[in-house]
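Structure assessment
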Amino acid sequence: MATRLPESAFADRLAAVRDRLADTDADAATWVGATAIEYLTGFHHIQTERPVVLAVTDDRVEITVPRLEVERVEPNPRIDAVHHYFDYPGGEPVSVAVEMLNGLGADAIAADADGPPGVMGYEGPAFSEFVDVETQSWVGRMRWAKSDAEVELIRESAKWANLGHRYLADYSEPGAHPATVSQRASTDASRAMLDALGDAYSVRVRGDGPVHAGYISGEETALPHGHTPNERLSEGDVLVTGASANVDGYRSELERTMFVGDYSDEQEHYFELMLEAQTLAIDALGPGVPVAEVDEVVWEYFEEQGVADLAQHHVGHNIGLGAHEPPYIDRGWGERYDGDDAVMEPGHVYTIEPGIYTDEFGYRHSDTVAITESGTERLTNFPRDIDSNVV
C-alpha cells in the first residue's frame, strides 16, 4: 500500500531539470504552472489570481508566493528560500519574482511561460521585460511516463475508486436521485478510505473526501460531458458513471455504463458494441505501440459496424497528477509527434474510454491501464459485462 511519494522522487526530478538547465544558456529555470511546481517540490496550491513562481538553479530552489501561502510552503524541505508579496493587485508578484532571480544571479531563464497565467483576472508584466527568456516544457514531458512509485499511487487510487463505484451501484434504484446517491457513495467510500489509511493519507482535498463517485443519467448520457439531471431514476434509465480517488495528488478513472432495471435489445446492442471497442483498445495497448494506432483500431471497428457517426471523441488519455495528460490516444497523435514521442512506453497510464452516443443515451466504459515492460496492467477492476451493470 502506497499513500505518498518517497522523498527520493523529488530529488530525482530536480536533478533531471538541472541536467536540462545545464544544456542551456540560462542561469535558472522557472515555473508558474501549479502542477509543475507540485511535481518538482511537492508544494501544492490552488492557482488563482495570485501567482506563484518557482526558480531552480544548479544549487538552489527558491519560490515566490502570496502572503497567504507562506506558512504552507516554509516547512517544505526541498525549497531553500521563500519570497512573498502581500496580495494581488496590491502587490507586484513579478517584481518580487524578479528580485528573487536577481538574488540568484539569473539574468536569463528557461521558463515554462513568459509570466504567470492570466487566470481569475490576473494581468501582469512578462518576465521578458526584466530578464532574457527562453521557453521550456521539461516537466510536461517528464510527466508522460510515471515512475514505479507514481504507478503505485494510481493503483491505490483505483482500489478506492472501485469501492466508491460499488457503493454507487448498491445505492442506485428506481426513485433515487442521482445527486444524493453520488454524495452518499462518495462519503461512504471516503470514510472507509480515511479509516483504513489513517495518518498515512496525505491530505490533498479541501472540505471534500478523497473519493468521488457519481453519474449522469437519462438523456444527459447522450452528451459525453453531460450534467447530473434533476430527475429521479426510473426503470429503463441508462447511467454513465465515474469514480476516482485522490492519493497524494494522483488519480485513476473508472466509468461504467449501467442500466436501471431491464435493458432493451437496442440498449444491449449499443452496449456490446462499446464493450467490444474497449476490449479491442485494451488488447492493442503495449510498450512500443504507436499511440495513434490504438485509436485507429477502434475507429476501424466503428466504421465496420456502421456506428462511426455515433463516436464523439478519441479513445483515451494519460492520467496522473492531472485528470487529463498527454499522450492522448488519438488518430492525430502521430501527425504531431514522431520517434519515441509517438509510441507508448512503460510508465504511461491511460484511460481507455471509447464511447457511442445515440440521440437517446450514451454508452461508455473507462478503465485505467498501465503500460509495463512486458505488456499492460488494468488497474480498475469493476466488472465490465452487461449483467454486472444492472441496478
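Residues numbered from 1 in each chain as written. Predicted model: local features only at pLDDT ≥ 70, side-chain atom pairs only at ≥ 80, totals over all residues. Heavy atoms only, no water.

- Identification of the protein chain as Xaa-pro aminopeptidase from Halorubrum distributum JCM 9100 is taken from an unreviewed UniProt entry.

**Some points on the overall build of the protein chain**
- In terms of regular secondary structure, the protein chain is built from 10 helices and 16 strands.
- A globule of 391 residues ought to have a C-alpha radius of gyration of about 21 Å, and the protein chain, at 23 Å, matches this closely.
- For the protein chain, with 391 residues in total, the buried portion stands at 55%.
- Nonlocal contacts in the protein chain, meaning residues at least 24 apart in sequence, comprise 68% of its contacts between residues at least 6 apart.
- Accessible surface, the protein chain: about 16900 Å² in total, of which carbon and sulfur atoms supply 44%.
- Measuring between centres, the 27 positive side-chain charges of the protein chain sit 7 Å from its 72 negative side-chain charges. (Helix = DSSP H or I, 4+ residues; strand = E, 2+ residues; numbered from the N terminus. Rg over C-alpha atoms; globule rule 2.2 N^0.38 Å. Buried < 20%, exposed > 50% of the residue type's maximum accessible area, 1.4 Å probe, protein only. Contact = heavy atoms within 4.5 Å. Areas by Shrake-Rupley, 256 points an atom, 1.4 Å probe, with all protein chains shown as cover. Lys, Arg positive; Asp, Glu negative; His and termini not counted. Charge placed at Lys NZ, Arg CZ, Asp CG, Glu CD.)

**Here's the deal with the pairing of strand S12 (residues 349-352)**
- Side chains Val349 and Thr351 project from S12 onto one buried face, and the interleaved Tyr350 and Ile352 project onto a second face that is buried too.
- Both strand S10 (residues 316-318) and S12 contribute to a ladder of 3 bridges, which runs antiparallel. Of the residues in S12, the one forming a bridge with Asn318 is Tyr350.
- Relative to strand S15 (residues 367-371), S12 runs antiparallel, the two sharing 4 bridges. Residue pairing for S15: Thr351 is matched across the bridge by Thr368. (Pairing = 2+ DSSP bridges.)

**Comments concerning the UniProt feature "domain: Peptidase M24" (unreviewed entry) in the protein chain**
- Sites flagged by UniProt as "domain: Peptidase M24" (unreviewed entry) map to residues 152-373.
- Secondary structure content for residues 152-373 is 36% helix and 18% strand, and the end C-alpha separation is 15 Å. (UniProt positions renumbered as here; feature names shortened; annotations may be inferred.)

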